[in-house]
Amino acid sequence: MEVTRPQVMGILNITPDSFYATSRHFTSSDVSRSVERAISEGATIVDLGGYSSRPGAEDVSLEEEWRRVRMGLEAVRSVDGGVVVSIDTFRSEIVRRAYEEFGNFIVNDISAGELDSDMLSVVARYNLVYVA
């Protein structure tokens, strides 16, 4: 990935309660349309989040977060298998599952490893780019 110049990241929240209402996506076709639009508007990275960090947002189980992220990853890959993907998660298990099924991506962890003591070792094991 080119890092000597600025990159544009399209943010897709696969949640019903993210900060920004128009970034919310619920179906694979919603995600696909938004990925197509983001890429056509210059995005080189697509960030997927399945857990809202908005104050007051409801807790989401690991399985529900994985369902959302997996659906998003499938949709992104069906639109453009070469676009760089970032996954917004604080759970190492989401990282592990995503890597084992889809391969390389960027990890975007708002907790900087503080909410999951296994996060840094999982990221290191897979040699993933990590944003804390």
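This text follows the structure it describes.
Residues numbered from 1 in each chain as written. Predicted model: local features only at pLDDT ≥ 70, side-chain atom pairs only at ≥ 80, totals over all residues. Heavy atoms only, no water.

J.: Honestly, the nonpolar core in this entry has me stumped. Any pointers?
T.: Most often, soluble globular proteins keep nonpolar side chains buried together rather than apart. Membership of the largest hydrophobic core comes to 26 residues, with the highest contact counts inside it found for Val-31, Leu-48, Leu-73, Val-76, Val-85, Ile-87 and Phe-105. In terms of residue count, helix H2 (residues 62-79) provides more of this core than any other element does, six residues in total. Aside from chain neighbours lying at most four places away, what touches Phe-105 is Val-85, Ile-87, Val-95, Ala-98, Tyr-99, Leu-128 and Val-129. (Core = buried A, V, L, I, M, F, W, Y, C linked by side-chain atoms within 4.5 Å. Buried < 20%, exposed > 50% of the residue type's maximum accessible area, 1.4 Å probe, protein only. Helix = DSSP H or I, 4+ residues; strand = E, 2+ residues; numbered from the N terminus. Contact = heavy atoms within 4.5 Å.)

J.: Help me out: how do you make sense of the pairing of strand S3 (residues 84-88) in this one?
T.: Across a regular strand the side chains alternate sides, sitting on one face of the sheet and then on the other. Of all the five residues making up S3, four are buried; the element is thus mostly covered by neighbouring parts of the structure. Note that strand S2 (residues 45-49) and S3 share five bridges and pair parallel. Looking across to S3, one finds that Val-46 is bridged to Val-85. In terms of handedness, the path from S2 via H2 over to S3 forms a crossover that is right-handed. Judged from the three bridges that link them, S3 and strand S4 (residues 106-108) form a sheet pairing that is parallel. Along S4, the bridge assignment pairs Asp-88 with Asn-108. For the handedness criterion, the β-α-β arrangement of S3, helix H3 (residues 92-102) and S4 is classed as right-handed. (Pairing = 2+ DSSP bridges. Right-handed = clockwise from strand over helix to strand, strands pointing away.)

J.: Just to check I follow, could you spell out the pattern of salt bridges for this structure?
T.: Note that side chains of opposite charge can pair when their charged atoms are close. A full pass over the atoms with the stated rule returns eleven salt bridges. The structure contains a network of salt bridges with shared partners spanning Glu-63, Glu-93, Arg-96, Arg-97 and Glu-100. (Salt bridge = Lys/Arg side-chain N within 4 Å of Asp/Glu carboxyl O.)

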